[in-house]
Amino acid sequence: VGTRALWPVDNQNLLVNTDTENIILNLSSGEYSLATSKDYKVNGLTPFVRRGDGKIWMSRDQNGLLRYDTSNQSFDSVTIDARFSKFTWISDTLLTFFSESGALFLHDLEQQATTPFLQNGKPFTTGSIVNELLLSSDSILWVGAQNGLWEINLSDKEVQHYPLSEQDPKNVLCIHQD
């Protein structure tokens, strides 16, 4: 069983996403316990996003979100009627995610509404699989995709594509802020 992601819950425990489930690993004892009930089964790669309130968010079976509350070590679910794995938060109630086909969407948790990101009045898509997201402090969403790097200004709705040269691999797997 492979490990896909690790997040500290506290000084003693890690939340671990494996190939098939989420577990809590106690670093002192080396013992682990199942963190995800069968109602919230996780299949495959699930990226974690930690919020300032201490909650850890992850995609759930690519059709919604799981929220893990570190204070009481419990999960709850948020249903979003779209298949996705990569997402990031824009504000406390607004998140953005890419569909499997590379289309960009915004989801408002309070309104429970999902809308496509529009560029020139049309839904925007990278046209490829998205590997990584990074939201900078100036509302620029950096997107690493199989067809290069994308810079999306969420405020101005401007998009810039930086394709890689033919000699370089075209797959941008990871983005880190300086």
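We now turn to the structure provided with this report. (Residues numbered from 1 in each chain as written. Predicted model: local features only at pLDDT ≥ 70, side-chain atom pairs only at ≥ 80, totals over all residues. Heavy atoms only, no water.)

## Thoughts on the sheet that holds strand E8 (residues 74–79)
Think of a sheet as strands paired side by side through backbone hydrogen bonds, with each pair either parallel or antiparallel. Overall, antiparallel pairing links the four strands, which are arranged E5-E6-E7-E8 in an open sheet. Sheet topology places strand E5 (48–50) and E8 at the edges, where each strand pairs with a single neighbour. Along the sheet, successive strands turn relative to each other by an average axial angle of 25°, direction set aside. Strand direction decides the pairing type here: strand E7 (residues 64–69) and E8, joined by six bridges, are antiparallel. If you follow Asp 69 over to E8, its bridge partner there is Ser 74. (Pairing = 2+ DSSP bridges. Helix = DSSP H or I, 4+ residues; strand = E, 2+ residues; numbered from the N terminus. Axes fitted to C-alpha atoms, helices over the stretch in contact; angles between N-to-C directions.)

## Looking at the pairing of strand E6 (residues 55–59)
Burial analysis of E6 places four of its five residues in the buried class, which makes it a mostly covered element. Pairing of E5 with E6 involves three bridges; the strand directions are antiparallel. Its bridge partner lying in E6, Phe 48 is registered against Met 58. The turn joining E5 and E6, which pair antiparallel and follow one another in sequence, is formed by four residues; a positive phi near 90° is taken by Gly 54. Looking at chain direction, E6 and E7 are connected through five bridges and run antiparallel. (Buried < 20%, exposed > 50% of the residue type's maximum accessible area, 1.4 Å probe, protein only.)

## A word on the side chain of Asp 69
Note on placement: Asp 69 falls in strand E7. At 2.6 Å, the side chain of Asp 69 forms a polar contact with the side chain of Ser 71. (Polar contact = N/O pair within 3.5 Å; in protein donor to acceptor, adjacent residues only side chain to side chain.)

## Here's the deal with the sheet that holds strand E16 (residues 140–145)
The strand order across the open sheet formed by four strands is E15-E16-E17-E18, and the pairing between neighbours is antiparallel. Pairing within the sheet leaves two strands with one partner each, and these edge strands are strand E15 (130–135) and strand E18 (158–162). Averaged over all pairs of adjacent strands, the angle between their axes in this sheet comes to 15°, without regard to strand direction. Looking at chain direction, E16 and strand E17 (residues 148–153) are connected through six bridges and run antiparallel.

Everything listed here is a matter of geometry and, on its own, says nothing about what the molecule does.
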